[in-house]
Amino acid sequence: MNLGKVVGTVVATRKDPCMDGLKFMLVRHIDPEGKETGGHVVAVDAVGAGPGELVLIATGSSARQTIATQNRPCDAVIMAIVDSWEIGGVDKYRK
Amino acid sequence: MNLGKVVGTVVATRKDPCMDGLKFMLVRHIDPEGKETGGHVVAVDAVGAGPGELVLIATGSSARQTIATQNRPCDAVIMAIVDSWEIGGVDKYRK
Amino acid sequence: MNLGKVVGTVVATRKDPCMDGLKFMLVRHIDPEGKETGGHVVAVDAVGAGPGELVLIATGSSARQTIATQNRPCDAVIMAIVDSWEIGGVDKYRK
Amino acid sequence: MNLGKVVGTVVATRKDPCMDGLKFMLVRHIDPEGKETGGHVVAVDAVGAGPGELVLIATGSSARQTIATQNRPCDAVIMAIVDSWEIGGVDKYRK
Amino acid sequence: MNLGKVVGTVVATRKDPCMDGLKFMLVRHIDPEGKETGGHVVAVDAVGAGPGELVLIATGSSARQTIATQNRPCDAVIMAIVDSWEIGGVDKYRK
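Note that the structure is a prediction, hence the values are computed from the model and not measured.

> What is the right way to look at the overall build of chain A in this model?
Regarding its fold elements, chain A presents zero helices and eight strands. Taken against the 2.2 N^0.38 rule, which gives 12 Å for 95 residues, the C-alpha radius of gyration of chain A at 14 Å falls within 12% of a compact globule. Overall, chain A is about 45 × 25 × 20 Å in size when its C-alpha atoms are taken along their principal axes. Out of the 95 residues belonging to chain A, those deemed buried represent 59%. If you sum the accessible surface of chain A, you get close to 3,600 Å²; carbon and sulfur atoms cover 48% of it. Of the side-chain charges in chain A, 11 are positive and 11 negative, and the distance between the mean point of each set is 5 Å.

> Is there a simple way to explain the interface of chain C and chain E in this structure?
Where the parts come together, the accessible area they lose is often given as the size of the interface. Listed per partner, the contact involves 29 residues of chain C and 27 residues of chain E. Interface area lost by chain C to chain E is led by Arg14, Pro73 and Asp75 of chain C, which between them contribute 26%. Where chain C packs against chain E, one counts one salt bridge. Across the pair Arg28 of chain C and Glu33 of chain E runs a salt bridge, and its minimum N-O distance is 3.6 Å.

> It is not clear to me how the side chain of Ser84 of chain B should be interpreted in this structure. Could you clarify?
Relative to the helices and strands, Ser84 of chain B resides in strand β7 (residues 84-87). By relative accessible area, which is 7% here, Ser84 of chain B ends up buried. Sequence-distant contacts of Ser84 of chain B, that is, excluding residues within four places in its chain, are made with Thr9, Val10 and Val11 of chain A together with Tyr93 and Arg94 of chain B.

> Hey, could you run me through the interface of chain A and chain D in this one?
Taken together, the contacts link 27 residues of chain A with 29 residues of chain D. Summed over both sides, the interface between chain A and chain D buries roughly 2,200 Å², with carbon and sulfur atoms accounting for 51% of that surface. Remark: the boundary between chain A and chain D carries one salt bridge. Seen at the junction of chain A and chain D, the total is 15 residue pairs in polar contact (both at pLDDT 80 or more). Among the elements of the structure, β5 (54-59), β6 (76-81) and β7 (84-87) of chain A are those that each provide at least two residues to the side of chain A that touches chain D. Counted by class, the side of chain A that touches chain D contains 15 nonpolar, eight polar and four charged residues. Note that β7 of chain A and strand β1 (residues 2-11) of chain D share four bridges and pair antiparallel. Looking at the pairing, Ser84 of chain A lines up with Val11 of chain D of β1 of chain D.

> Where do I start with the relation of the copies chain A and chain D in this structure?
Look at the two chain copies: a rotation about an axis and a shift along it is all it takes to match them. It takes a turn of 72° to lay chain A on chain D, together with a shift of 0.0 Å along the axis; the resulting RMSD is 0.0 Å. Here the two chains are linked by the operation of a five-fold rotation axis. The residues that chain A uses at the interface reappear at the interface of chain D in only 4% of cases, marking distinct surfaces.

Conventions we followed
Residues numbered from 1 in each chain as written. Chains lettered and ligands numbered in written order. Predicted model: local features only at pLDDT ≥ 70, side-chain atom pairs only at ≥ 80, totals over all residues. Heavy atoms only, no water. Helix = DSSP H or I, 4+ residues; strand = E, 2+ residues; numbered from the N terminus. Rg over C-alpha atoms; globule rule 2.2 N^0.38 Å. Buried < 20%, exposed > 50% of the residue type's maximum accessible area, 1.4 Å probe, protein only. Areas by Shrake-Rupley, 256 points an atom, 1.4 Å probe, with all protein chains shown as cover. Lys, Arg positive; Asp, Glu negative; His and termini not counted. Charge placed at Lys NZ, Arg CZ, Asp CG, Glu CD. Contact = heavy atoms within 4.5 Å. Buried area = accessible area lost by both parts, 1.4 Å probe. Salt bridge = Lys/Arg side-chain N within 4 Å of Asp/Glu carboxyl O. Polar contact = N/O pair within 3.5 Å; in protein donor to acceptor, adjacent residues only side chain to side chain. Nonpolar A, V, L, I, M, F, W, Y, C, P; charged D, E, K, R; others polar. Pairing = 2+ DSSP bridges. Least-squares fit on C-alpha atoms with pLDDT ≥ 70 in both.

Set out below in structure tokens:
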């Protein structure tokens, strides 16, 4: 999974019918220090994430293993909201 | 999913029979500011996208989850046409 | 899919039995201007492509959706030979 | 698979129910010389790896082939703890 | 598939039970000129490749399509040993 920060939303009314009812979030990748890497992805939200929250993104076929995304043309999903992480016992992020 | 801009079309008459009837679009990747990143992909169109439109691209096995692309050797599909996106409440793009 | 140019062939007699009878082509990636990007891939040929031809490559599990490659340990397939492409109505390549 | 070093843990209480009970580890990629490459991934631990250990990471759909991760939205798994590796008969790492 | 050169072996006794009996090889990526690119991967050996041999690597779900790797958390497999390749009719490598 990748660490990311939710920064915005994408609206698309004309889409594959399978995608109806799903919410597209714009997520910037972050590194273990919490800094943005410059990368980004548009991910379906499966956990009710809001702007500014740090999240975990699963990609590829694994992005279709949530109830929300099963059998849909979705290749990236927010499947967790991050509370905290530590490196070597030192907190790098705490919500 | 990736943000992209449809810039052209690719014609291929000699192809795997499974791909008959599908339309190949040339799509340039764009970043959250709407700028081209330099990357590109050839994607099957599942939503009737036209030149100049901003779209969402799903890749990998997820690209085979639309009715148009099921069980076909297709690894990238346009599965939505973007109306708008915002970052931090500020519109970055509106059609 | 990726645009590529067939530049050579790879011979491998000792291989997984599932790969018997398949032809490995050496393909260089090209960009929408027709220039080589520096990247390359070894792909199974599913359409009878020859040296110098421009082709479309599908990768990942989608590379196993042709009759030639089904259930085989193949992660890249030539599934179309490109006749032409255009950007903004201007031909960038015509065979 | 990729070589990695476990450097920390990620806590996420709000997540897809399928991910309950799984442990997220922060893993930095390392190269064959044992140096960190700058890349990282958040992986589910399927083998009881601890901080500082060198591990193998499987990604994509293969990350769902352990008992712990089956049918879950998980795209990276620690599936082995590395004891040693050698290049040209010379030990590069020994636990 | 990717061209690679087998340079070493990785030993891991503590691993997912599904991986028992499989051999992990350290493989450096090479380009069509036969030069190392700087990239590498740890791949399961399905064809009895030895150190110094040039091989083809399949990745992703395709890495699970050999008898040795079926249903295992393996995302890279050596599925062929390269005898030779040519570019434009000129041999670039011959074993």
